[in-house]
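Report on the structure
Single-letter residue listing:
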Amino acid sequence: MKAMHKIVIKVGTSTLTQGTQKLSRRSMLGLVQQLAHLQNEQLQVVIVSSGAVATGQELLNSHKTDQSIFSKQMFASIGQVKLIHVWSELFSLFDLQIGQVLLTKEDFSDQKRSLMRDTLNCLLQHRIIPIINENDTVSTKESRIGDNDNLAALVAHLIGADTLILLTDQEGLYTADPRLYPNAQLIPIVHHINEAIFSLARGSSTSLGTGGMTTKIEAAQIASQSGIQTLIAPSSRPNVLIDLVEGRRIGTLFLEESIQRTSAAQI
């Protein structure tokens, strides 16, 4: 695993809520403490944060399964305000500033890509942590990216990150769903993403998030093709981000294509 300098970290709804129906401030504070440490180590960090819809449902005390686009946009609208407020309060405990960035697929178009890249890099140069989410309130079917795993990979490519970290409620990628098959084995490293790897991921999801393991593999593939290493790691592990940056083997590492080409050449 190569050294990390510019990192995009995706935090899913299941991580922010710890499987409950509301934000877990304790869990979020633990992440913020780690991110503050990384900032002090002069690393550049970008957060892609899910949780707006779940937060909106918490505020309205409405947890019924309503799949209409208008309800989701309503929950996202009020939930995003509260979500970014909680992030801001927690980071302020460490005298750190954040910047909210809401994106749609159009922001990665040729016309807007350079502007968004420069904006994000400007935030990083001023030691401001960008907190990114998809702009669910105004996005349409045509403009949606659809999940924050792929959004995180696109952001990592956009800003030239060296590492993408996808935090989840699982230890990493397994040979089978560990919740159904106790003998499933964790896969520590993936050299090449193919159909066999995707088949291991299918069927994994959570009740609160929009993604599962499949979208994480898709994100890892985007990152790998961009020369970015990807780590799927458990958010519940204490100091998981610090341990990853220090090179400890946790979760599943997906090598970037440049490493794969070098290894093939050596063979």
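Residues numbered from 1 in each chain as written. Predicted model: local features only at pLDDT ≥ 70, side-chain atom pairs only at ≥ 80, totals over all residues. Heavy atoms only, no water.

1. Quick notes on the overall build of the protein
Inclusion rule: We count a stretch as a helix when DSSP gives it H or I for four or more residues in a row; a strand needs E for two or more, and each element gets its number in order from the N terminus. Partly exposed describes any residue whose relative accessible area lies between the buried limit of under 20% and the exposed limit of over 50%, with all areas from a 1.4 Å probe on protein chains only and scaled to the type maximum. We call two residues in contact whenever any of their non-hydrogen atoms come within 4.5 Å of each other. The protein chains shown are the only cover counted for residues, whose accessible areas, like all others here, come from Shrake-Rupley with a 1.4 Å probe.
Along the backbone of the protein there are 10 helices and eight strands. Looking at the 267 residues of the protein, the share that counts as buried comes to 51%. Taking all contacts inside the protein whose residues are at least 6 apart in sequence as the whole, residues at least 24 apart take part in 73%. Carbon and sulfur atoms make up 51% of the accessible area of the protein, which totals about 13000 Å².

2. Quick notes on a nonpolar patch on the surface
Rules: Candidate patch residues must exceed 30% relative accessible area and have no salt bridge, after which like charges are joined if within 9 Å and Val, Leu, Ile, Met, Phe, Trp or Tyr side chains if within 5 Å. Within this document, salt bridges are pairs made up of a side-chain nitrogen of Lys or Arg and a carboxyl oxygen of Asp or Glu, the two lying within 4 Å of each other.
Judged by side-chain polarity, Leu 59, Leu 60, Met 74 and Ile 78 come together as a nonpolar surface patch covering roughly 330 Å² of accessible area. Along the chain, the position of Leu 60 falls in the loop between α3 (52-59) and α4 (69-92).

3. Looking at unusual backbone geometry
Phi is positive for Arg 127, close to 60°, though the residue is something other than glycine. Checked against the element boundaries, Arg 127 lands in the loop between α5 (113-125) and β4 (129-134). Judged by its relative accessible area of 29%, Arg 127 falls in the partly exposed class.

4. Thoughts on the pattern of salt bridges
Applying the stated criterion to the full structure yields eight salt bridges. As a salt-bridge pair, Glu 58 and Arg 25 come within 3.8 Å of each other at their nearest N and O atoms. On the criterion of sequence distance, the pair formed by Glu 58 in helix α3 and Arg 25 in helix α2 (residues 25-40) is long-range, its members being 33 residues apart. Glu 58 gets classed as partly exposed once you look at its relative accessible area, which sits at 23%. On the basis of relative accessibility, which here comes to 34%, the residue Arg 25 falls in the partly exposed class.

5. Comments concerning the environment of Asn 61
Relative to the helices and strands, Asn 61 is located in the loop between α3 and α4. Residue Asn 61 is classed as exposed on the basis of its relative accessible area of 66%.

6. What to know about the packing of helix α6 (residues 148-159) against helix α8 (residues 213-225)
Angle between the axes and distance between the axes are the two parameters that describe a pair of packed helices. Threshold: Only the stretch in contact is used when fitting a helix axis, every axis being a line fitted to C-alpha atoms; angles between N-to-C directions are given from 0 to 180 degrees. Roughly parallel means an angle under 35 degrees; roughly antiparallel, over 145; roughly perpendicular, 65 to 115; everything else is oblique. Gly is put with the polar residues, along with every residue not named as nonpolar or charged; the nonpolar set is Ala, Val, Leu, Ile, Met, Phe, Trp, Tyr, Cys and Pro, and the charged set is Asp, Glu, Lys and Arg.
Axis separation between α6 and α8 bottoms out at 8 Å; the angle between their running directions is 10°. The angle between α6 and α8 places the two elements in the roughly parallel class. Residue-level inspection shows Asp 149, Asn 150, Ala 153 and Leu 154 of α6 in contact with α8, the latter providing Thr 215, Lys 216, Glu 218, Ala 219, Ile 222 and Ala 223. A per-class count over the contact of α6 with α8 returns five nonpolar, two polar and three charged.

7. Let's talk about the environment of Asp 169
Topologically, Asp 169 is positioned in the loop between β5 (163-168) and β6 (189-190). For Asp 169, a relative accessible area of 39% puts it in the partly exposed group. For the pair formed by Asp 169 and Thr 13, sequence separation is 156 residues and the distance between their alpha carbons is 9.7 Å.

8. Remarks on the confidence of the model for the protein
Applied cut-off: Confidence of the predictor at the level of single residues is captured by pLDDT, which takes values from 0 to 100.
In this model, the protein carries an average pLDDT of 87, and 88% of its residues clear a pLDDT of 70 or more. Counting contacts from residues 203-210, a segment whose pLDDT is below 50, to residues more than four positions away or on other chains yields 17 contacts. A low-confidence stretch, residues 261-267 (pLDDT under 50), is modelled with zero contacts involving residues beyond four sequence positions or located in other chains.

9. Let's talk about α2
The criterion, for reference: To estimate the expected span of a helix, count its residues, drop one, and scale the result by 1.5 Å.
Across its 16 residues, α2 extends 22 Å between first and last C-alpha, which sits within 8% of the 22 Å expected from 1.5 Å per residue. Where α2 is concerned, the buried positions are Ser 27, Met 28, Leu 31, Val 32, Gln 34, Leu 35, Ala 36, Leu 38 and Gln 39. Downstream of α2 by one or two residues, Gln 42 has phi in the positive range, about 70°.

10. Points about the packing of α2 against α4
Short version of the rule: Note on convention: the crossing is left-handed when the near helix lies turned anticlockwise from the far helix by less than a right angle, right-handed when the turn is clockwise.
One can describe the packing of α2 onto α4 by two numbers: an axis separation of 9 Å at closest approach and a directional angle of 50°. Considering the angle they form, α2 stands oblique to α4. Note on packing geometry: the crossing formed by α2 with α4 is right-handed. Each of Arg 25, Met 28, Leu 29, Leu 31, Val 32 and Leu 35 in α2 lies in contact with α4, whose residues at this interface are Lys 82, Leu 83, Val 86, Trp 87, Leu 90 and Phe 91. A per-class count over the contact of α2 with α4 returns 10 nonpolar, no polar and two charged.

11. Remarks on the environment of Ala 176
With respect to the helices, strands and loops of the structure, Ala 176 is situated in the loop between β5 and β6. When its relative accessible area of 23% is taken as the criterion, Ala 176 is described as partly exposed. Separated by 11 residues in sequence, Ala 176 and Ile 187 place their C-alpha atoms 10.0 Å apart. Every residue in contact with Ala 176, bar those within four places of it in the chain, is listed here: Tyr 181 and Ala 184.

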